[in-house]
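Geometric and topological summary
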Amino acid sequence: MKLNPLNSNVVIKIDKEVEEARNGILLAPTAVIAKPNTGTVVAVHSNNPIVSVGQSVMCLKHSGTGFKEDSLDKDSPEYKVISERDILGIVENGNYS
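Throughout this document, residue positions are counted from 1 along each chain, in the order its sequence is written. Reporting in this predicted model follows two pLDDT cut-offs: at least 70 for local features of residues, and 80 or more for side-chain atom pairs to be given and counted; totals over whole chains, interfaces and linings ignore these cut-offs and use all residues. For side-chain calculations, the full set of non-hydrogen atoms in the structure is used, while hydrogens and water are omitted.

Some points on the nonpolar core
Just so we agree on the cut-off: Here, nonpolar core refers to any group of buried Ala, Val, Leu, Ile, Met, Phe, Trp, Tyr and Cys residues whose side-chain atoms link them within 4.5 Å. Only protein chains enter the accessibility calculation, which uses a 1.4 Å probe; a residue is then buried when its area is under 20% of its type maximum, exposed when over 50%, and partly exposed in between. Only DSSP runs of H or I with at least four residues qualify as helices, and only runs of E with at least two residues qualify as strands; both kinds are numbered from the N terminus onward. When checking whether two residues touch, look at their non-hydrogen atoms; a contact exists if any pair is within 4.5 Å.
Counting residues in hydrophobic clusters, the biggest one holds 9 residues: Val10, Ile12, Ile14, Val41, Val51, Val57, Cys59, Ile82 and Ile87. When residues of this core are assigned to their parent elements, the largest contribution, 3 residues, is made by strand S1 (residues 9–14). In this structure, Ile87 is in contact with Val10, Val51, Val57, Met58, Cys59 and Ile82, ignoring residues within four places of it in sequence.

Quick notes on a negative patch on the surface
How we decide: Residues enter a patch when their relative accessible area is above 30% and they make no salt bridge; the linking distance is 9 Å between like charges and 5 Å between nonpolar side chains (Val, Leu, Ile, Met, Phe, Trp, Tyr). For the accessible areas, the method is Shrake-Rupley and the probe is 1.4 Å, while residue cover comes only from the protein chains on display. Here, a salt bridge means any side-chain nitrogen of Lys or Arg that lies within 4 Å of a carboxyl oxygen of Asp or Glu. Just so you know, the count uses Lys and Arg for positive and Asp and Glu for negative, and it drops His and the chain ends. A charged residue contributes its charge at one atom only: NZ of Lys, CZ of Arg, CG of Asp or CD of Glu.
Judged by side-chain charge, Glu69, Asp70, Asp73 and Asp75 come together as a negatively charged surface patch. In this fold, Asp73 is placed in the loop between strand S6 (65–68) and strand S7 (78–83). Given a relative accessible area of 33%, Asp73 falls into the partly exposed group.

As for the packing of aromatic side chains
Note the following rule: Aromatic contacts are taken between Phe, Tyr and Trp rings whose centres are within 6.5 Å, Trp giving its six-membered ring; a plane angle under 30 degrees counts as stacked, one over 60 as edge-to-face, and the others as tilted.
For the structure on display, the rule yields 1 aromatic pair. Their ring planes at 20° and their centres at 5.6 Å tell us that Phe67 and Tyr79 sit as a pair that is stacked. Highlighted residues: Phe67 in strand S6 and Tyr79 in strand S7, separated in sequence by 12 residues. You can call Phe67 partly exposed: its relative accessible area is 21%.

Description of the side chain of Asn37
Positionally, Asn37 belongs in strand S4 (residues 36–44). Ignoring any residue separated from it by four or fewer positions in sequence, one finds Asn37 in contact with Ile14, Val57, Met58, Cys59, Lys61 and Lys80.

A short note on the environment of Thr38
What counts here: Two N or O atoms form a polar contact when they lie within 3.5 Å of each other; inside protein one atom must be a possible hydrogen donor and the other a possible acceptor, and for residues adjacent in sequence the pair counts only when both atoms belong to side chains.
Inspection of the secondary structure puts Thr38 in strand S4. When its relative accessible area of 14% is taken as the criterion, Thr38 is described as buried. Between the C-alpha atoms of Thr38 and Ile14, which are 24 residues apart in sequence, the distance is 6.1 Å. A distance of 2.8 Å separates the side chain of Thr38 from the side chain of Asp15, its partner in a polar contact.

Laid out in structure tokens, this is it:
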């Protein structure tokens, strides 16, 4: 499936969440707190000067509309269509610091 976003929308492929382990104990993710999400830009509108395809970005977790290419496959990658104003920043070199 190919989705071409309109206006100031961006399509990102959401990075999978990684559960942290401390001393062999898996920590449950806290779903109550709205944590930022990271992902890779896969499509932008041609007039979008802010981000480009292939960049890693951080966005609000509960922004946009999420979808999967194959909704029946739990391992199918998750995508989001978000407004460029919901992008908090560009992640450079895969690091947050």
